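Here are the chains, one letter per residue:
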Amino acid sequence: MIKQIIVVESLRSWADCKPDCPVVHVDDYLTNAEYFRMRGVQVINLCRSYRYLSVGYYCSLLAEARRHRVIPSVKTQLDLSSRTMYNLEVPHLDEVVRKSFKKKGAHDHDEEFSINAYFGQCFCDSLNDLMRRVFESFPCPVLRVTFSREKKWRIIEVKPLAIERLEREDKDLFYLALEGYLKKRWRPQREPKAYRFDLAILHDPEDELPPSNEQALKNFIKAGKKLGIHVDLIVRKDYSRLAEYDGLFIRDTTSIKHYTYRFAKKAESEGMVVIDDPQSILRCANKVYLAELLSANRIPTPKTVIVGKHDLEAAEAALGYPLVVKLPDGAFSQGVFKVDDGEQFRDVAGRLFKHSELILAQEFFYTDFDWRIGILNKKPLFACKYFMSGQHWQILHYTGDGKHSEGEAATLAVEDAPPEVVRMALKATSLIGDGLYGVDLKQKADQVFIIEVNDNPNIDRGVEDRVLKSRLYELVMAEFLRRMENRRRLHSPSLPRSRSSEVA
């Protein structure tokens, strides 16, 4: 039987409500080992805000890392935070909106109005079916849906609402809906539909540190052509053209608050094959999530402490000095700092807490190089040694003038890499998905530690391809081909043929 818990930021506000499950404070859920060990849990996250890197965000993020079923999910939070994101979901509701407003009792006076929905219920018979459909697209406990009428009614905004902002009468309706929801079984979201294929590679020609250099991109195009795949390079301004393609390969530096995530979401909503897929970006982009996920599955990492604003002394006691402090969503060695004493720690932590409610503190140990194992569809693709930059402790060394230096790299055949390094990389990525990943690891004597899992690892001409050469690009394109053909077989044969299918 699924255990249910409600997570809130203020227990006092729940003094008058006695739901049929525990109500716990978010700080307790985030830090108490009891919840870390629990399995078969459904979490109802009722924090005041789901803003990116807020405690509400971290509640859902760590719930997913612990394999707890949580509402709202991180995906839903991010979708609702961006007008671009929910605009991808809203159009398919237009017909339901039209039918709902034809019903007796539907709103027909103002040109714009809003209504609250509690777990998909609004207690207005004429709009209940519509609110249920909105809830299926954005599973969130409390939603405020705003409609506007020009020639016809349409949804113009969907946003989460904190229960603390509800009036007494509205709170009573919320508690009634909550009671009903607690008695229902968990329902997974529907899978997106499948479509036919052409392939777009998203890149940024202005990026100084792209995941693939210019020659590597040309090699991907060449490999695609060899396999009968039409490949185009696209950039940020091509967002509106994305639906023309049947696959998306993101060769741009990914981040949640970035257009790359919007591209991935759009591609997924169109039923396209996409690497990096949105779930992989979500899971790899935040180091706090990864730390919790790896720990929950007993995968060795350097000793790590998740640090809130009141946890600095505990982190010092657990790790000692020197230690490494990390911003959860930093990339390319940015947002990562080595501190040697308490004064440095407090200074760096204070700056990072301006960006995130939680940060990461990790024990420091130096190695001459880090391993990078490339994984594609749960199989090892390449193995590299990335050496530290000069006398620096990181592979990338950023100087005060905005420039950077980079250490050397050595590429090996996968079979020549230490078996334990490869095995550990595969074990880590099995928790993320079946996309393309780069796993960074350190060796210390006979021990292997996971440092992080990257969702869009570098594949550069002259580095990662030194062993496999053109075969590396063909393997990646072959995986796209396999997935797109699988989707084609699932789809109706009556659809028009794409350029790819004409040459395949």
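Model, not experiment: these values are computed from the prediction.

Rules of the game
Residues numbered from 1 in each chain as written. Predicted model: local features only at pLDDT ≥ 70, side-chain atom pairs only at ≥ 80, totals over all residues. Heavy atoms only, no water. Pairing = 2+ DSSP bridges. Helix = DSSP H or I, 4+ residues; strand = E, 2+ residues; numbered from the N terminus. Axes fitted to C-alpha atoms, helices over the stretch in contact; angles between N-to-C directions. Contact = heavy atoms within 4.5 Å. pLDDT = per-residue confidence, 0-100. Expected span 1.5 Å × (residues − 1). Buried < 20%, exposed > 50% of the residue type's maximum accessible area, 1.4 Å probe, protein only. Arc of directions from axis to C-beta. Parallel < 35°, antiparallel > 145°, perpendicular 65-115°, else oblique. Left-handed = near helix turned anticlockwise from the far one by under 90°. Nonpolar A, V, L, I, M, F, W, Y, C, P; charged D, E, K, R; others polar. Phe/Tyr/Trp six-rings, centres within 6.5 Å; stacked < 30°, edge-to-face > 60°. Lys NZ or Arg CZ within 6 Å of the ring centre and 35° of its normal.

Chemist: How would you summarise the sheet that holds strand β22 (residues 447-454) if you had to cite specific residues and measurements?
Modeler: Strand order across the open sheet formed by five strands is β20-β17-β16-β21-β22, with antiparallel pairing between neighbours. Of all the strands in the sheet, the pair left with one neighbour each is β20 (409-412) and β22. Going across the sheet, the axis of each strand differs from the next one's by a mean of 25°, ignoring polarity. Both strand β17 (residues 379-387) and β20 contribute to a ladder of four bridges, which runs antiparallel. When the sheet's bridge partners are listed, Y386 is paired in β20 with A409. In this fold helix α15 (residues 419-429) packs onto β16 (369-376), β17, β21 (436-444) and β22, with an angle of close to 40° to the strand it touches most, β22.

Chemist: Requested: an account of the confidence of the model for the protein chain, with residues and values cited.
Modeler: Residues shown with low pLDDT carry predicted positions that ought not to be read at fine detail. Overall, the prediction assigns the protein chain a mean pLDDT of 85, with 86% of residues at 70 or greater. Long-range and interchain partners of residues 187-195, a stretch whose pLDDT sits below 50, account for 17 contacts in this model, where long-range means more than four residues apart. Across residues 492-504, confidence stays below pLDDT 50; counting only partners more than four residues off in sequence or on other chains, it has 20 contacts.

Chemist: Describe in detail helix α8 (residues 168-182), supporting the description with residues and values.
Modeler: In this model, α8 (15 residues) spans 21 Å end to end at C-alpha, consistent with the 21 Å of a helix rising 1.5 Å per residue. The set of residues buried in α8 consists of F174, Y175, A177, L178, Y181 and L182. An end-on view of α8 places all buried positions within 165° of arc, on one side of the element. Of the surrounding elements, those touching the buried residues of α8 are β1 (3-8), β3 (41-45), β4 (69-71), β5 (112-118), α7 (128-137) and β6 (142-149).

Chemist: Which residues make up the packing of helix α13 (residues 312-319) against helix α14 (residues 342-352), and what values go with them?
Modeler: Interaxial distance between α13 and α14 falls to 11 Å at its minimum, and their mutual angle equals 130°. Viewed along their axes, α13 and α14 adopt a mutual orientation that is oblique. By crossing handedness, the relation of α13 to α14 is classed as right-handed. Along its contact with α13, which presents L312, E313, A315 and E316, the element α14 presents G342, F345, R346 and A349. Counted by class, the contact of α13 with α14 contains four nonpolar, one polar and three charged residues.

Chemist: Describe the packing of aromatic side chains, with residues and values.
Modeler: Applying the stated criterion across every chain yields a total of 21 aromatic pairs. Joined through ring pairs, the aromatic side chains of W14, Y118, F119, F135, F174, Y175 and Y181 make up one cluster. Taking NZ or CZ as reference, R66 lies 4.7 Å from the ring centre of Y29, over its face. Positioned over the ring face of F364 is K338, at 5.2 Å from the centre of the ring.

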